[in-house]
Amino acid sequence: MAVGSWQLATARANAALFTQTVLQSHIRSLIGEHLTDVASGDQHTVKPWFNGRLDFSPPVNDFAARGYPLLGGRLEYLGERQVAALVYQRRKHIINVFLWPADAAMAGGPTTVTRHGYNLLHWNRPDFTYWVVSDLGEPELQEFAGLLQQADSAAGVPR
């Protein structure tokens, strides 16, 4: 029982540390001028930009018609691997979507958390792990996450 308690405590601490790392990456992107490496609202410009820079092809969608336009993308480094960061906007609020191929070692973490005025949403799909971060209110951020999940389903990305 002691070993199980220790493992659970370690897993929670690691999840909290990773959540903080994701939040710090979001905040760093807002400071200075490194919001995007490729600035474009065209998903057919952003998606190919990742070719050769990552070992996977991230799904890229534009939700401008729903009030969440794509601003571009960039590379990030989280949990000892390169990940895609897609950047969206809702009015004046920036939304970072961090995603990478599903990986049990990096999949942990809460599904919803608020830290320092930022909302973080996290979910796993069979193909990808997602973290979405913004200072946008949680209901609108949940709406945006729903759009991402619907786009995955429509594109044939397994749930």
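In this text the structure is predicted, and so the values were computed from the model without any measurement. (Residues numbered from 1 in each chain as written. Predicted model: local features only at pLDDT ≥ 70, side-chain atom pairs only at ≥ 80, totals over all residues. Heavy atoms only, no water.)

Chemist: Help me understand the side chain of Ser 134, please; the structure alone is not making it clear to me.
Modeler: Secondary-structure assignment places Ser 134 in strand β7 (residues 128–134). In this structure the side chain of Ser 134 is engaged in a polar contact, spanning 2.7 Å, whose partner is the backbone oxygen of Ile 94. Sequence-distant contacts of Ser 134, that is, excluding residues within four places in its chain, are made with His 26, His 93, Ile 94, Ile 95, Tyr 118, Asn 119 and Leu 141. (Helix = DSSP H or I, 4+ residues; strand = E, 2+ residues; numbered from the N terminus. Polar contact = N/O pair within 3.5 Å; in protein donor to acceptor, adjacent residues only side chain to side chain. Contact = heavy atoms within 4.5 Å.)

Chemist: Is there a simple way to explain the pattern of salt bridges in this structure?
Modeler: Oppositely charged side chains can form a pair if their charged atoms are brought close together. Tallying each qualifying case throughout the model produces four salt bridges. Asp 55 is paired through a salt bridge with Arg 81; the nearest N and O atoms lie 2.7 Å apart. Here Asp 55 is found in the loop between α2 (43–49) and β2 (70–78), whereas its partner Arg 81 is found in strand β3 (residues 81–90), with 26 residues between them in sequence. For Arg 81, a relative accessible area of 17% puts it in the buried group. Between Glu 140 and Arg 90 there is a salt bridge whose closest N-O contact spans 3.0 Å. Pair noted here: Glu 140 is in helix α3 (residues 138–154) and Arg 90 is in strand β3, with a separation of 50 residues, a long-range link. (Salt bridge = Lys/Arg side-chain N within 4 Å of Asp/Glu carboxyl O. Buried < 20%, exposed > 50% of the residue type's maximum accessible area, 1.4 Å probe, protein only.)

Chemist: Explain the sheet that holds β2 to me, please; I cannot follow it from the model alone.
Modeler: In any sheet, the strands associate via hydrogen bonds between backbone groups, in a parallel or an antiparallel arrangement. Sheet architecture is open: seven strands sit in the order β1-β2-β3-β4-β7-β6-β5, paired in antiparallel fashion. Edge strands, defined here as strands with exactly one partner in the open sheet, are β1 (38–39) and β5 (112–115). Here seven bridges tie β3 to strand β4 (residues 93–101), and the two strands are oriented antiparallel to one another. Looking across to β4, one finds that Tyr 88 is bridged to Ile 95. (Pairing = 2+ DSSP bridges.)

Chemist: How do you make sense of unusual backbone geometry when you look at a structure like this?
Modeler: Most of the time, phi is negative for any residue but glycine, and the peptide bond is trans. With a phi angle near 55 degrees, Arg 91 is a residue other than glycine that sits in the positive phi range. For Arg 91, the location among the structural elements is in the loop between β3 and β4. Located in the positive-phi region is His 116, a residue other than glycine, with phi close to 50 degrees. Tracing the backbone shows His 116 in the loop between β5 and β6 (118–124).

Chemist: Would you mind going over the packing of aromatic side chains with me for this structure?
Modeler: Geometry of an aromatic ring pair is reported as the spacing of the ring centres plus the angle between the planes. The final tally for this structure, using the stated rule, is ten aromatic pairs. Measuring from ring centre to ring centre gives 5.0 Å for Trp 123 and Tyr 130, while their planes differ by 15 degrees; the resulting arrangement is stacked. What links up through ring pairs into an aromatic cluster is the set Phe 56, Trp 123, Phe 128 and Tyr 130. Taking the ring centre of Tyr 68 as reference, the NZ or CZ of Arg 90 above it sits at 4.4 Å. (Phe/Tyr/Trp six-rings, centres within 6.5 Å; stacked < 30°, edge-to-face > 60°. Lys NZ or Arg CZ within 6 Å of the ring centre and 35° of its normal.)

Chemist: Explanation requested: the nonpolar core in the structure shown.
Modeler: Nonpolar side chains in soluble globular proteins generally cluster together in the buried interior. With 42 residues, the main nonpolar core has Ile 95, Val 97, Phe 98, Val 132 and Phe 144 as its most contacted residues. For this core, the element with the highest residue contribution is α3, accounting for six residues. (Core = buried A, V, L, I, M, F, W, Y, C linked by side-chain atoms within 4.5 Å.)

Chemist: Can you walk me through the pairing of β6 in this structure?
Modeler: Two faces belong to every sheet, and in a regular strand the side chains alternate between them. The element β6 is largely enclosed, with a buried count of six among its seven residues. Taken together, the four bridges between β5 and β6 define a ladder with antiparallel strand orientation. Bridging across to β6, Thr 112 finds its partner in Leu 121. Taken together, β5 and the strand that follows it, β6, pair antiparallel across an intervening segment of two residues, in which His 116 is found at a positive phi of about 50 degrees. Note that β6 and β7 share six bridges and pair antiparallel. Bridge assignment links Asn 124 to a residue of β7, and that residue is Thr 129. Adjacent in sequence and paired antiparallel, β6 and β7 are bridged by three residues.

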